Amino acid sequence: MGEGPLYLGFDLSTQQLKAIVIQSDLTVVSEAKVDFDGDFGSKYGIKKGVLLNDSEGEVFAPVAMWLESLDLVFRRLKEKNTPLHRIRGISGSCQQHGSVYWSRDAERLLGSISPDKDLASQLAPGAFSHPYAPNWQDHSTQHQCDRFDAQLGTANRLAEVTGSAAHHRFTGPQILRLREKLPDMYAATSRISLVSSFLASVLMGAIAPMDISDVCGMNLWDIPANKWSEPLLELAAGGKDGVRELLAKLGPVRQDGGGSMGAVSGYFVARYGLSADCQVAPFTGDNPATILALPLRPLDAIVSLGTSTTFLMITPVYKPDASYHFFNHPTTPGQYMFMLCYKNGGLAREKVRDTLPPPPVEAKDPWAKFNEAVLATPPLGMKSPTDRAKIGLYFPLPEIVPNIRSGTWRYTVPLSDHNDLRESKSGPENNWIPADDARAIVESQALSMRLRSHSLVGSPSGGKLPPQPRRIYLVGGGSLNPAIARVMGDVLGGADGVYRLDVGGNACALGGAYKAVWAFERGEGETFDELIGKRWREEGAISRVDEGYKEGVFERYGEVVPAFERMEGEILKVARNT
């Protein structure tokens, strides 16, 4: 293994704390994890990592449990004989939008932790004004979200300033609600951390600043102006008189995603054998960390095909909208992370799959008939260029993008006239059979991504090809499906192809570890992409699953995008009037 420097990456998610140790060449040396339910479920009464107050829609986690988990994950690394003394730098990823509330004793307690006792017994509850951290699944803040949207006039205006419309999970609405619900707690709070800056704070033994990317998940940071938004601070603080106090609680935002924020706390040196020279780099959110795990380059896109579907892309273009999210890039100024989240991902595909004849009993793949139907159906269900294109929306759950109630809608349209939309019913008499739905559901999800990202992409081949992503990476359960990969390439293109990415279940922790390598080994002006790109090995992590851009096919889908947008508008209009 040698004696070179090592780097530690954390991932504090809803249900686990993972730690991964890598070398400078990005090779994994050791890893360990703590499962909150398995290790602490009975002690804290949690389920799937959280506690619920259903009557108010609150979802939250005990902060003390996270402190216990940090000690436990270090013990597990030590039990594996991980050479912790060689760790030069630490960074990590944490669940976005959660918040931790420090007491007025926090700085003193953090700075005087004894290695003779564990973290939780010394910091909880004394270092916290509130023992719980709201979780990203919390949905108690609808009233506060309405006020955030209204504060700047509209949801779109809020998105222009902060990168997103108001969302239940975002930290600004959460702070507003907690200030009003628990005024004494808010008054006793000296600092507010995001989960990422909380974990960095414990490791440093001092309150760490928020990260330039993770801060974009708050609805408080003015991204174009690169500063806190005064009108939104005023709302969260309860008036102009409270703004200075809230600013003091939020603290500074660190602009540089790399470098050192300080040495690791002496607690970890004495208790676990880390070097006193080990430094802590800024931590970031789980979504930004995902794009670092590739590493994703400008014009590359990730499509995560799980229960929900997520589309992530790096772009130098800032064109926000209320229906999606923009974040500052976690390492590269001038670049942004664009994110779309769909509730109706795998569930919608499964619903369509289950309308098809079941595969034979001996078939091992429950998707065999679905895939067969997708690949046997021509793009847009058009057997000839004069046929009407078949497009639809399939939402077993109410959707976020666009904000439409649950339902299924089918339309046909000629490519020559996107105004000639006609609603269609399923059935052979209407020339629409279940096999058409199989192809249309995947096309529908991809067309929505193309509609919302087309203004952010340029031509990846010096103008020789139409604007499209350079590469498309598929992750999640659906990435194993060849029919889905084919349609994603048909609709979204991908000048260099469509790839399946497999970094195991450790993408966020790896992103954090890679960030630590870059933070401490970068040359003058060397970007994350430059340094990690030279060291990252594609072999074993990615495999090409589709050629991507297909001349003629990509353009045909482009012709139907305006009709797809019009279809969404028609359905939204009807929904508003009913």
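Conventions we followed
- Residues numbered from 1 in each chain as written.
- Predicted model: local features only at pLDDT ≥ 70, side-chain atom pairs only at ≥ 80, totals over all residues.
- Heavy atoms only, no water.
- Pairing = 2+ DSSP bridges.
- Helix = DSSP H or I, 4+ residues; strand = E, 2+ residues; numbered from the N terminus.
- Axes fitted to C-alpha atoms, helices over the stretch in contact; angles between N-to-C directions.
- UniProt positions renumbered as here; feature names shortened; annotations may be inferred.
- Buried < 20%, exposed > 50% of the residue type's maximum accessible area, 1.4 Å probe, protein only.
- Right-handed = clockwise from strand over helix to strand, strands pointing away.
- Parallel < 35°, antiparallel > 145°, perpendicular 65-115°, else oblique.
- Left-handed = near helix turned anticlockwise from the far one by under 90°.
- Contact = heavy atoms within 4.5 Å.
- Phe/Tyr/Trp six-rings, centres within 6.5 Å; stacked < 30°, edge-to-face > 60°.
- Lys NZ or Arg CZ within 6 Å of the ring centre and 35° of its normal.
- Salt bridge = Lys/Arg side-chain N within 4 Å of Asp/Glu carboxyl O.
- Core = buried A, V, L, I, M, F, W, Y, C linked by side-chain atoms within 4.5 Å.

> I would appreciate a short explanation of the sheet that holds strand β5 (residues 58-62) in the present structure.
Picture the strands of a sheet paired through backbone hydrogen bonds; they go either parallel or antiparallel. What the 3 strands build is an open sheet, ordered β4-β5-β8; its pairing is antiparallel. Each of the sheet's edge strands pairs with one partner strand only, and the pair in question is β4 (51-53) and β8 (132-134). Adjacent strand axes in the sheet meet at a mean angle of 35°, parallel and antiparallel pairs treated alike. With 3 bridges joining them, β4 and β5 adopt antiparallel strand pairing. Within β5, the residue paired with L51 across the bridge is F60.

> In this structure, what is going on with the UniProt feature "domain: Carbohydrate kinase FGGY C-terminal" (unreviewed entry) in the chain? I would like to understand it.
In the numbering adopted here, UniProt assigns the feature "domain: Carbohydrate kinase FGGY C-terminal" (unreviewed entry) to residues 302-519. For residues 302-519, the helix share is 28%, the strand share is 22%, and the end-to-end C-alpha distance is 24 Å.

> Looking at this structure, I do not really get the pairing of strand β24 (residues 472-475). What am I missing?
Consecutive side chains along a regular strand alternate between the two faces of the sheet. Here β24 shows no split at all, with I472 and L474 on one side and Y473 and V475 on the other all buried. For β24 and strand β25 (residues 498-501), the ladder comprises 3 bridges, and the chain directions are parallel. Within β25, the residue paired with I472 across the bridge is V498. As a crossover connection, the stretch from β24 through helix α17 (residues 482-492) into β25 is right-handed.

> Honestly, the packing of helix α5 (residues 142-151) against helix α7 (residues 171-181) in this entry has me stumped. Any pointers?
Any two packed helices are characterised by the angle at which their axes cross and by the distance between the axes. Two elements in contact, α5 and α7, have axes whose closest approach is 9 Å; the angle formed by their N-to-C orientations is 120°. As far as their axial angle goes, α7 and α5 are oblique. Crossing of α5 against α7: the hand is right-handed. Of the residues in α7, those touching α5 at Q144, C145, R147 and F148 are G172, P173, L176, R177 and E180.

> I tried to follow the packing of aromatic side chains on my own but got confused; where do I start?
Between two aromatic rings, the relevant description is the distance of the centres plus the angle of the planes. Taken as a whole, this structure holds 25 aromatic pairs when the rule is applied. Note on W221 and W228: the rings are 5.2 Å apart at their centroids and 85° apart in plane angle, and the pair reads as edge-to-face. Across the pair, W228 and W221 agree in class, each one buried. Taking 6.4 Å as the distance between ring centres and 75° as the angle between the ring planes, the aromatic pair formed by Y267 and Y272 counts as edge-to-face. The pair Y267 / Y272 is uniform in exposure class, with both members buried. Here the guanidinium or amino end of R450 rests over the ring plane of F554, the centre of that ring lying 3.7 Å away. Cation over ring: R471 sits above Y499, and NZ or CZ is 4.3 Å from the ring centre.

> Help me understand the pattern of salt bridges, please; the structure alone is not making it clear to me.
Close approach of charged atoms allows side chains with opposite charge to pair. With the rule as written, the count across this model stands at 31 salt bridges. Among the salt bridges present, the one from D256 reaches R522, with a minimum N-O distance of 2.7 Å. Within this pair, whereas D256 is found in the loop between β13 (253-254) and β14 (262-263), its partner R522 is found in the loop between α18 (507-521) and α19 (528-535), the two being separated by 266 residues in sequence. Looking at R522, the relative accessible area reads 28%, which means it is partly exposed.

> Where do I start with the nonpolar core in this structure?
As a rule of thumb, nonpolar side chains are buried together in soluble globular proteins. The biggest cluster of nonpolar side chains holds 131 residues, and the ones touching the most others in it are L220, W228, L250, I391 and M488. Residue contacts for M488: discarding those within four places in its chain leaves V303, L305, V442, A446, M449, I472, L474 and G493. The next biggest cluster of nonpolar side chains, apart from the first, holds 60 residues, and it includes L6, L110, A127 and Y272.

> How should I be thinking about the environment of P62 in this particular structure?
Turning to its location among the elements, P62 is positioned in strand β5. Between the C-alpha atom of P62 and that of V50, which follows or precedes it by 12 residues, the distance is 7.7 Å. Every residue in contact with P62, bar those within four places of it in the chain, is listed here: Y44, I46, L51, P131 and Y132.

> Would you mind going over the sheet that holds strand β19 (residues 325-328) with me for this structure?
An order of β19-β20-β18-β17-β24-β25-β26 is seen for the 7 strands of this open sheet, with the pairing classed as mixed. Among the strands making up the open sheet, the edge pair consists of β19 and β26 (542-546). Within the sheet, the average angular offset between the axes of one strand and its neighbour, ignoring direction, is 25°. Here 4 bridges tie β19 to strand β20 (residues 336-342), and the two strands are oriented antiparallel to one another. Paired with F327 across the strands is M337, a residue of β20.

> Help me understand the pairing of strand β9 (residues 191-194), please; the structure alone is not making it clear to me.
With burial as the criterion, each face of β9 is covered, one bearing R191 and S193 and the other bearing I192 and L194. Inspection of the sheet shows strand β7 (residues 99-102) paired to β9 by 4 bridges, in the antiparallel sense. Across the sheet, S99 pairs through a bridge with L194, a residue of β9.

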